[in-house]
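Below, each chain spelled out in residue letters.
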Amino acid sequence: MLASAIVLAFQAIRRNPARSFLTVLGVVIGVAAVITMVTLGRGASRAVADQISSLGSNLVVVRPGQRMGPGGERAPQFRAADIQAIRARVASVTAISGVETAGATVVYRAHNWSTSIVGVDNDYFRARQLRVASGRLFSEAEQRSGRPVCVVGETVRRELFGAADPLGARVRVKGFSCDVVGLLTSTGQASMGMDQDDLVIMPLKTVQRRLAGSNDIGQIVLSVRDQESLERAKAELTQVLRERRRIARNEDDNFNVMDTRQIADALTGTTRILTLLLGAVAAVSLVVGGIGIMNIMLVSVTERTREIGIRLAVGALEGDVLLQFLVEAVTLSAFGGLVGVALAAVSSIVLTRMMAVPFAFDPAINAVAFGVAAAIGVVFGYVPARRAARLDPIVALRHE
Amino acid sequence: MSLPPLIELRAVTKVFGEGPSAFQALRGVDLSVSRGEFVAIMGPSGSGKSTAMNILGCLDTPSAGAYLYEGVHVEALDRGQRARLRRRHFGFVFQGYNLLPRTSALENTALPLIYRGLRGPARRKAALEALDLVGLSAWARHSPAELSGGQQQRVAIARALVSNPTVLLADEPTGNLDSEMGRGIMDLLTALNARSGLTILMVTHEPDMAAYAHRTVRFRDGRIAADDARQAA
Ligand SMILES: Nc1ncnc2c1ncn2[C@@H]1O[C@H](COP(=O)(O)OP(=O)(O)OP(=O)(O)O)[C@@H](O)[C@H]1O
Ligand SMILES: [Mg+2]
C-alpha cells in the first residue's frame, strides 16, 4: 500500500509541475529567509563581541554626558589638567590618554581617502594594546608641541600608498602637511562596516590645534593594572572628576565611566534587538511562504477533490487516498525544506562576507525553520485531501 | 427460487437538498437483478437513472429504503465496508467519463489495479489488454485531452472492465460513439456477459443498444414505469 502510494504521489507531482513548483517555492523562501536572517543577526552579535574583546579587558573609557552615545544635555568636555589629575591620584592607572577625533580627507599625490583622524598621546597605544608594524610612535617633543606627524592604519596605507612605502611620506590633511612616521599593525578586524584599520593617529595637540581648533578633549581612555583594581580605579576616577567639575553632593555625574564589559553589554544589547528584529521579519516571510502554500493547495482543491472522487470510485479506500496525499505533501515539503536550507547556507555565506560579519552557523534555527515550513506544507497539503477523502465519491466527483 | 437476487432495491428513495429546495430524484424504486443478467435502463432525462446507478455502485447512499447486494444490506454498511464492496465487485462507466487529466489512457485504465495491489508489469499488461478490447491500444500513451469524446468513453469502459468486476454499471457507455463503434462495444459487452457471466446494468437512450440486453427497465419521474421482467412474471 505504501509502495503504490509512493508511485501515485510521484505521478501526481510529475503531472502538476506548476503546483509542485509553487509549493516547493513557498517552503524554500520561508526556510531560506528565516535561516539567513537569524544567521546574519548572530554573526553581527559575534562581530561586536569579537571587537569588544580586542579592546582588552582592563580598559576604561570616560566620556562627557550621563550616558554613552549621543543625546542628553551638553556636558563640558575634558581638559588636559583632568588627565594629569587622574594620573596623579588614581594609583592603579597604567596608561592614560585624552582622545579627540575628527573626520578628514587625507591626500597623497593623486590619491585621497576619507578617514577618521584620532588625536592621542603615546599612552593610548599602550592602553589599547596597539603597535606599530614599522616606523615609530610620537616623540615627546612632537606630542608637546603638536607637530604634524602621524601613524596610519593598514587600510589608509593601502588606499593611499598602494605598493609604495608610507614611512617618510608627506600627506595633506585639510590645510596642513603631515609626515607619516609609523604604520599601525593591522588588527585584521573589519566588522559591520566599522573597519578598525581605517584611521590616522596624530598627537592629541596636533588634532586639537589644527583640526578641532580648541583644547577640548572628547574622551579619556585609560587602562588599569589588573581586573581586581578596576572597580576601585573607577570609583577614584569618578571622585577626581566630580571634584574637578565641581559637582555638588546631591547632583548626578555629568560624565560616564565604562569599562570593557559595560561597553560590550551595551553593544550586544543593541545587536540582540537587531537579531530579534531580523528574526521577526524572517518569521513574517515564513508565514507568507506558508500562506503561499495554503493558497496553492486551496486553489487546487477543486481539481483534487474530483481526482479523489475518481480514485474512490475506481476502488481506492480512504486510507489509500490519504497515504498518497501525505506522501506527496511530505515529499514536496521536505524537498523544499532541503533546498531552503542549502539556499540559506549560500546566501548567509555571501551576505556575511558582504557585511563583514562572521558566519555563525546555527543548527537549531536550521532545524526549526525546516520543521515549521515542512509542517505547513504537510498540513495544508494533507488536510484538504483528508476532507475530500471523507466525502461520498459521488459528492467529490460533483465538487466544483 | 432459492438463491437471493444479486442486486435488490426495496422502496429506495433519494432526496437531494433540504427544505423548500429539496428534490426527490427517486421516489420508491423496487428492482431486482440476478447474477448474469444484462439489463438496459431507459427513461427520459432527469428521471433518476444515474442517481439509481450511483446508489447501485455504492458511490452514493439511498435516503430511505434498502439496497441488498448478495443479501447484504449495503445501506447499513460503513464507508470502509462500502468502499471494499465497491472495489471487489463493481466496475463503473460514468456518463461524464471522469478520467484523470494529464494522465495517459494506459495509466487511467490501470488505476483500479493499483488499488487492488497489482505490481507494475502486471498492471501494464492487464491495462493494455483492456484497451485492446475497446480498440484503443494504439492510443495508450495519450492523455484524455488528446483523445476524442468517443475515445475517452472507451478508455472509461476499459477502466471499468480491467478489474474483472462482478457487475458492470455503465451510464450511457455508447452516448458518444457512432453506431458502428456502439455496436462494437455492445458485441463486447454481450460476449463478456455470455462468456464470463458479467452482470451488466446499462443506461441508454438508444433502443438499438437496449435491444442487446435481455431486459429493459424504464424510469419515469423517479419511479420504475415499466420492467420486462415483471411483465414476464
Ligand atoms: N447532486 C444532486 N443535487 C441535486 N439534484 C440532483 C443531484 N443529482 C441529480 N439531481 C437531480 O435528480 C434528477 C435525476 O437526475 P439523474 O442524473 O439521475 O437523471 P438521469 O435520468 O440520469 O438523466 P440523464 O438522462 O439526463 O442523464 C435530476 O432532476 C437532477 O437535477
Ligand atoms: Mg444520467
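Refer to the preceding data block for the structure.
Quick look at the structure, then. Please read all numbers here as calculations on a predicted model, not as lab measurements. (Residues numbered from 1 in each chain as written. Chains lettered and ligands numbered in written order. Predicted model: local features only at pLDDT ≥ 70, side-chain atom pairs only at ≥ 80, totals over all residues. Heavy atoms only, no water.)

With respect to the nonpolar core
Thought 1: Membership of the largest hydrophobic core comes to 49 residues, with the highest contact counts inside it found for Ile 7, Tyr 67, Tyr 69 and Leu 201 of chain B.
Thought 2: If you look at the next biggest cluster of nonpolar residues, it comprises 39 residues, including Tyr 97, Leu 106, Ala 160 and Leu 189 of chain B. (Core = buried A, V, L, I, M, F, W, Y, C linked by side-chain atoms within 4.5 Å. Buried < 20%, exposed > 50% of the residue type's maximum accessible area, 1.4 Å probe, protein only.)

Some remarks on the packing of helix α2 (residues 17-53) of chain A against helix α12 (residues 363-389) of chain A
Angle between the axes and distance between the axes: these two values describe a pair of packed helices.
Residue and element names in this part refer to chain A.
Thought 1: Taken N-terminus to C-terminus, the directions of α2 and α12 make an angle of 155 degrees; their axes are 9 Å apart at the nearest point. Here α2 is positioned roughly antiparallel relative to α12, judged by the angle of their axes. Crossing of α2 against α12: the hand is right-handed. Here α2 contributes Val 27, Val 31, Val 34, Ile 35 and Val 38 to the contact with α12, which in turn contributes Ile 365, Asn 366, Ala 369, Phe 370 and Ala 373.
Thought 2: For the contact of α2 with α12, a count of residues per class yields 9 nonpolar, 1 polar and no charged. (Axes fitted to C-alpha atoms, helices over the stretch in contact; angles between N-to-C directions. Helix = DSSP H or I, 4+ residues; strand = E, 2+ residues; numbered from the N terminus. Parallel < 35°, antiparallel > 145°, perpendicular 65-115°, else oblique. Left-handed = near helix turned anticlockwise from the far one by under 90°. Contact = heavy atoms within 4.5 Å. Nonpolar A, V, L, I, M, F, W, Y, C, P; charged D, E, K, R; others polar.)

Some points on the pairing of strand β7 (residues 167-171) of chain B
All names here are of chain B.
Thought 1: Extensive coverage of β7 is indicated by the burial of 5 of its 5 residues.
Thought 2: Every second residue of β7 is oriented toward a common face, with Val 167, Leu 169 and Asp 171 on one face and Leu 168 and Ala 170 on the other, all of them buried.
Thought 3: Examined bridge by bridge, strand β6 (residues 90-93) and β7 share 4 bridges and lie parallel to one another. The residue bridging Phe 90 from the neighbouring strand is Val 167, located in β7.
Thought 4: In terms of strand pairing, β7 meets strand β8 (residues 199-203) through 5 bridges, oriented parallel. Looking at the pairing, Leu 168 lines up with Ile 200 of β8.
Thought 5: In this fold, the crossover linking β7 to β8 by way of helix α6 (residues 179-196) has right-handed handedness. (Pairing = 2+ DSSP bridges. Right-handed = clockwise from strand over helix to strand, strands pointing away.)

Examining α12 of chain A
Thought 1: Taking 1.5 Å as the rise per residue, α12 of chain A with 27 residues should run 39 Å; its terminal C-alpha atoms sit 38 Å apart, in good agreement.
Thought 2: Two or three places before Ala 364 of chain A, at the opening of α12 of chain A, Asp 362 of chain A has a side-chain oxygen 3.0 Å from that residue's backbone nitrogen. (Expected span 1.5 Å × (residues − 1). Polar contact = N/O pair within 3.5 Å; in protein donor to acceptor, adjacent residues only side chain to side chain.)

Considering the coordination of the magnesium ion (ligand 2)
Residues and elements named next belong to chain B.
Thought 1: Here the magnesium ion (ligand 2) is held by Ser 50 (OG) and Gln 95 (OE1), and the distances to it run 1.9 to 2.3 Å. Within this pair, whereas Ser 50 is found in helix α1 (residues 49-56), its partner Gln 95 is found in the loop between β6 and α3 (105-114), the two being separated by 45 residues in sequence.
Thought 2: Residue classification places Gln 95 among the partly exposed residues on the basis of a relative accessible area of 42%. (Donors = N, O, S within 2.8 Å, 3.2 Å for Na, K, Ca; no water.)

Some remarks on a positive patch on the surface
Thought 1: On the surface, Arg 144, Arg 147, Lys 205, Arg 209 and Arg 210 of chain A cluster together into a patch of positive charge.
Thought 2: It is helix α7 (residues 204-212) of chain A that contributes the most residues to the positive patch, 3 residues altogether. (Patch = residues over 30% accessible without salt bridge, like charges linked within 9 Å, V, L, I, M, F, W, Y side chains within 5 Å. Areas by Shrake-Rupley, 256 points an atom, 1.4 Å probe, with all protein chains shown as cover. Salt bridge = Lys/Arg side-chain N within 4 Å of Asp/Glu carboxyl O. Lys, Arg positive; Asp, Glu negative; His and termini not counted. Charge placed at Lys NZ, Arg CZ, Asp CG, Glu CD.)

Section: the sheet that holds β8 of chain B
Residues and elements named next belong to chain B.
Thought 1: Taking strand neighbours across the sheet as the criterion, the 6 strands line up as β6-β7-β8-β3-β9-β10 in an open arrangement whose pairing is mixed. At either margin of the open sheet sits one strand with a lone partner, and together these are β6 and β10 (223-227). Each adjacent strand pair in this sheet contributes to an overall mean axis angle of 20 degrees, direction not counted.
Thought 2: Running over the sheet, helix α2 (residues 79-89) touches β6 and β7 and is turned about 80 degrees from β6.

Regarding the site of ligand 1
Thought 1: Lining the immediate surroundings of ligand 1 are 15 residues, of which Ser 45, Lys 49, Ser 50, Thr 51 and Gln 95 of chain B lie closest.
Thought 2: Flanking ligand 1 are residues from chains A and B.
Thought 3: Ser 45 of chain B is positioned with one of its side-chain polar atoms (N or O) 2.5 Å from an oxygen atom of ligand 1.
Thought 4: Coverage of ligand 1 by the protein chains reaches 70% of its 630 Å² of free accessible surface.
Thought 5: Contributions of two or more residues to the shell around ligand 1 are made by β2 (23-33) and α1 of chain B.
Thought 6: The residue makeup of the shell around ligand 1, split by class, is 4 nonpolar, 8 polar and 3 charged. (Near = heavy atom within 4 Å.)

Quick look at the state of the cysteines
Residue and element names in this part refer to chain A.
Thought 1: Counted by the stated rule, this structure contains 0 disulfides over all chains.
Thought 2: Left unpaired, Cys 150 is separated from the closest cysteine sulfur, that of Cys 178, by 3.4 Å.
Thought 3: With a relative accessible area of 0%, Cys 178 lands in the buried category. (Disulfide = S-S within 2.5 Å.)

Structural notes on the interface of chain A and chain B
Thought 1: At the interface, 27 residues of chain A touch 25 residues of chain B.
Thought 2: Carbon and sulfur atoms supply 54% of the area buried between chain A and chain B, which totals about 2400 Å² over both sides.
Thought 3: Summed over the shared surface of chain A and chain B, the result is 4 salt bridges.
Thought 4: Between Glu 318 of chain A and Arg 79 of chain B there is a salt bridge whose closest N-O contact spans 3.2 Å.
Thought 5: Here chain A and chain B share 15 residue pairs in polar contact (both at pLDDT 80 or more) between them.
Thought 6: Elements with a minimum of two residues in the side of chain A that touches chain B: α1 (2-15), α10 (301-313), α11 (318-355) and α13 (393-398) of chain A.
Thought 7: When residues in the side of chain A that touches chain B are grouped by element, the largest group, 7 residues, is from α10 of chain A.
Thought 8: Grouping the amino acids of the side of chain A that touches chain B by side-chain chemistry returns 13 nonpolar, 5 polar and 9 charged. (Buried area = accessible area lost by both parts, 1.4 Å probe.)

Bear in mind that shape data such as this cannot, by itself, settle questions of function.
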